[in-house]
Amino acid sequence: MELSTRAYNDYISALFAPQDDALTGALAEMERENVPGINVSAVEGKLLEVLALTVGATRILEIGTLGGYSGIHFARALPEDGKLITLEIDAHHAEVARRNFERAGVVQKTEVRVGPASETLRRLAATGEPLFDLVFIDADKDSYTEYLNLALPLLRRGGLLLGDNTLPDAVLTGEESGTKFYNAAVARRSDLTTIIIPILRQHGMDGLTVSFKRSPG
Ligand SMILES: C[S@@+](CC[C@H](N)C(=O)[O-])C[C@H]1O[C@@H](n2cnc3c(N)ncnc32)[C@H](O)[C@@H]1O
């Protein structure tokens, strides 16, 4: 990250996203357990929390749990009887996340479901799960468009659909990428109003695609 970009990020982070014991503990536990540090940044985590609060979320669906760092932010935005269902293919990541939710005092609001997300999403639809207020897609990038198609029916109208890592280098190079296909797919949909929020990262720029699911008419 350029010096000036880092300075902007550090300013936002220090003022609005100071890290408490639960968050630093979650990252430390991930490192101890060899879970890769590919979680959202502190600033993006706080953004997710604010977005969840904005739609008054009581039910959140996350695709891609990792060690539960973003999940802690979502759980904090939920009321006491709220629920975060988070999907993870890797059983070890899921176990680390459960421990981190426990340490953060949010375990009663969270449920980690292990397995390929596309299968779990189909099961959620088949079992008539109540609709979600917010869906966050942050797993294997080539499957984003499939997750869009599977998860959108599970999102209530007036809810938010978020896609992470959506300003890849491929935007500059012209190469193909899963998240570019995803951006094109949400841009085409008349039932979504969408924008990409640029996100500062340790190494350059990334993006969070934010889509609002509109009521018909
Ligand atoms: C970028 S990480 C998620 C980061 C997390 N949201 C955070 O910010 O703390 C992506 C996660 O998706 C999981 N994943 C990859 N492919 C998956 C699939 N097909 N189904 C479910 N999870 C998958 C990976 O194992 C990894 O833990």
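Worth saying up front: this structure is predicted, and the values here are computed from it rather than measured. (Residues numbered from 1 in each chain as written. Predicted model: local features only at pLDDT ≥ 70, side-chain atom pairs only at ≥ 80, totals over all residues. Heavy atoms only, no water.)

Caption draft 1: Expanded view of the packing of helix H2 (residues 21-32) against helix H5 (residues 91-103). For the pair H2 and H5, the least separation of the axes is 10 Å and the interaxial angle reads 155 degrees. Overall, the two elements H2 and H5 adopt an arrangement that is roughly antiparallel. Between H2 and H5 lies a crossing whose hand is right-handed. Facing H2, whose interface residues are Gly-25, Ala-26, Glu-29, Met-30 and Arg-32, H5 presents Val-96, Arg-99, Asn-100 and Arg-103. Classifying every residue of the contact of H2 with H5 by side-chain character gives 3 nonpolar, 2 polar and 4 charged. (Axes fitted to C-alpha atoms, helices over the stretch in contact; angles between N-to-C directions. Helix = DSSP H or I, 4+ residues; strand = E, 2+ residues; numbered from the N terminus. Parallel < 35°, antiparallel > 145°, perpendicular 65-115°, else oblique. Left-handed = near helix turned anticlockwise from the far one by under 90°. Contact = heavy atoms within 4.5 Å. Nonpolar A, V, L, I, M, F, W, Y, C, P; charged D, E, K, R; others polar.)

Caption draft 2: The arrangement of the nonpolar core in detail. Core analysis: the biggest nonpolar cluster contains 32 residues, and Ile-60, Phe-74, Leu-134, Phe-136, Leu-162 and Leu-208 have the highest contact counts within it. Only H2, helix H3 (42-54), helix H4 (69-77), H5, strand S4 (132-137), strand S5 (155-164) and strand S7 (204-213) provide two or more residues apiece to this core. Here the element with the most residues in this core is H4; it accounts for 5 residues. Setting aside chain neighbours within four positions, we find Phe-136 in contact with Val-40, Leu-48, Leu-61, Glu-62, Ile-63, Ser-70, Phe-74, Leu-162, Asp-164 and Leu-208. Core analysis: the next-biggest nonpolar cluster, separate from the first, contains 23 residues, Ile-63, Ile-85, Ile-137 and Val-186 among them. (Core = buried A, V, L, I, M, F, W, Y, C linked by side-chain atoms within 4.5 Å. Buried < 20%, exposed > 50% of the residue type's maximum accessible area, 1.4 Å probe, protein only.)

Caption draft 3: Up close: the site of the ligand. Taken together, 19 residues sit near the ligand, with Val-40, Gly-64, Ser-70, Glu-88 and Asp-138 positioned nearest. Contact between the ligand and Ile-89: a nitrogen atom at 3.1 Å from a main-chain N or O atom of the residue. Look at the ligand: alone it shows 600 Å² of surface, and the protein chains cover 89% of it. Among the detected pockets, the ligand sits in the largest pocket. (Near = heavy atom within 4 Å. Polar contact = N/O pair within 3.5 Å; in protein donor to acceptor, adjacent residues only side chain to side chain. Areas by Shrake-Rupley, 256 points an atom, 1.4 Å probe, with all protein chains shown as cover. 1 Å grid on protein atoms, 1.4 Å probe; cavity = no way out; pocket = protein on both sides within 12 Å on 5 of 7 lines; lining within 4 Å. Sits in = over half its atoms within 2 Å of the grid points.)

Purely geometric numbers; function is a separate question.
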